[in-house]
Amino acid sequence: PDSLDEEFCSRARLLEPAHLDIFKRDPSAILRAFINLQKHSSLRGMTTATWRAMWNARTLIDASFRRDKANRALFMEILQAPRGVTHALRWMNKWSILGHYLPPFRRIVGRMQHDLFHAYTVDEHTLFLVGNLRRFSCEENREEFPLCSEVFNQLPKPVILYIAGIYHDIAKGRGGDHSVLGVVDAKAFCERHNLSEYDTNIVAFLIRYH
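Residues numbered from 1 in each chain as written. Predicted model: local features only at pLDDT ≥ 70, side-chain atom pairs only at ≥ 80, totals over all residues. Heavy atoms only, no water.

Asks: I would appreciate a short explanation of the pattern of salt bridges in the present structure.
Replies: Should their charged atoms come close, side chains of opposite charge can pair. Counting across every chain of the model gives nine salt bridges. Linking Arg25 and Asp21 is a salt bridge whose minimum nitrogen-to-oxygen distance equals 3.1 Å. For Arg25, a relative accessible area of 53% puts it in the exposed group. Overall, the relative accessible area of 41% leaves Asp21 in the partly exposed class. Lys172 is the partner of Asp169 in a salt bridge, and the nearest nitrogen-oxygen pair spans 3.6 Å. The pair formed by Asp169 and Lys172 is uniform in burial state, with each residue classed as buried. Among the ionic contacts, a cluster of salt bridges with common partners joins Glu7, Asp26 and Arg32. (Salt bridge = Lys/Arg side-chain N within 4 Å of Asp/Glu carboxyl O. Buried < 20%, exposed > 50% of the residue type's maximum accessible area, 1.4 Å probe, protein only.)

Asks: How should the sheet that holds strand E1 (residues 2–3) be read in this particular structure?
Replies: Across a sheet, strands are paired by hydrogen bonds formed along the backbone, either parallel or antiparallel in direction. Overall, mixed pairing links the four strands, which are arranged E1-E2-E3-E4 in an open sheet. On the outer flanks of this sheet lie E1 and strand E4 (45–46), each paired with one strand and no other. Of the strand pairs in this sheet, strand E2 (residues 8–11) and strand E3 (residues 14–17) are connected by four bridges, and their pairing is antiparallel. Paired with Cys9 across the two strands is Glu16, which belongs to E3. (Pairing = 2+ DSSP bridges. Helix = DSSP H or I, 4+ residues; strand = E, 2+ residues; numbered from the N terminus.)

Asks: How should the state of the cysteines be read in this particular structure?
Replies: Each disulfide consists of a covalent bond between the sulfur atoms of two cysteine residues. Throughout the structure, instances matching the rule amount to zero disulfides. With no disulfide of its own, Cys138 has Cys148 as its nearest cysteine by sulfur position, at a separation of 13 Å. Overall, the relative accessible area of 27% leaves Cys138 in the partly exposed class. (Disulfide = S-S within 2.5 Å.)

Asks: Would you mind going over helix H13 (residues 197–208) with me for this structure?
Replies: It helps to recall that an α-helix has 3.6 residues per turn; residues three or four apart then point in one direction. Here H13 is twelve residues long and its end C-alpha atoms lie 16 Å apart, about the 16 Å a rise of 1.5 Å per residue gives. Listing the buried residues of H13 in full gives Asp199, Thr200, Val203, Ala204 and Ile207. Looking straight down H13, one finds that the buried residues subtend no more than 140° of arc, so they occupy a single side. Of the exposed residues in H13, the ones pointing more than 90 degrees away from its buried face are Tyr198 and Phe205. For H13, the elements touching its buried residues are helix H11 (158–167) and helix H12 (178–192). (Expected span 1.5 Å × (residues − 1). Arc of directions from axis to C-beta. Contact = heavy atoms within 4.5 Å.)

So, in structure tokens, the structure goes:
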């Protein structure tokens, strides 16, 4: 295996920790693993042993973990990465990491939507949305979405759009107006992750009137 840093290496282009018990010893390494995937374009994913170790350690992402400022900074680093945001979120959802870090998201995993406009479960619909937002940032999609690409590339903080995307349907299935209820969850996230009042208000506006 080729070393990537002190914690992780590449084995046949798959990420693997130097020691498989790292996630139980230091659960923050779970988030650092996804950051490594984003940083190294040669990586195709993680080894089966790594996924298994991460799955077994997922419940360590608890209230104390979520309160830790370092972990909040790591999660924001994932959302603000120049590449691999959608893949990271999809992998995190697949292995139940995203729902443990964002408890409201866990409530929409596998939730069906019974209308003519949504063909996917709420969590899949949400991640497709974030993926489509990311497409506007890619040069190869500029001809297909000229206006959206132009607007997107003028955004000073695309992460605001991603957060709004993650939370826009977060309150589906709770009863009441999910656009109103989702704003409450989104504002709480923004406050925990040190977004400014101005940025928080933009996120809230996007969710309320999506």
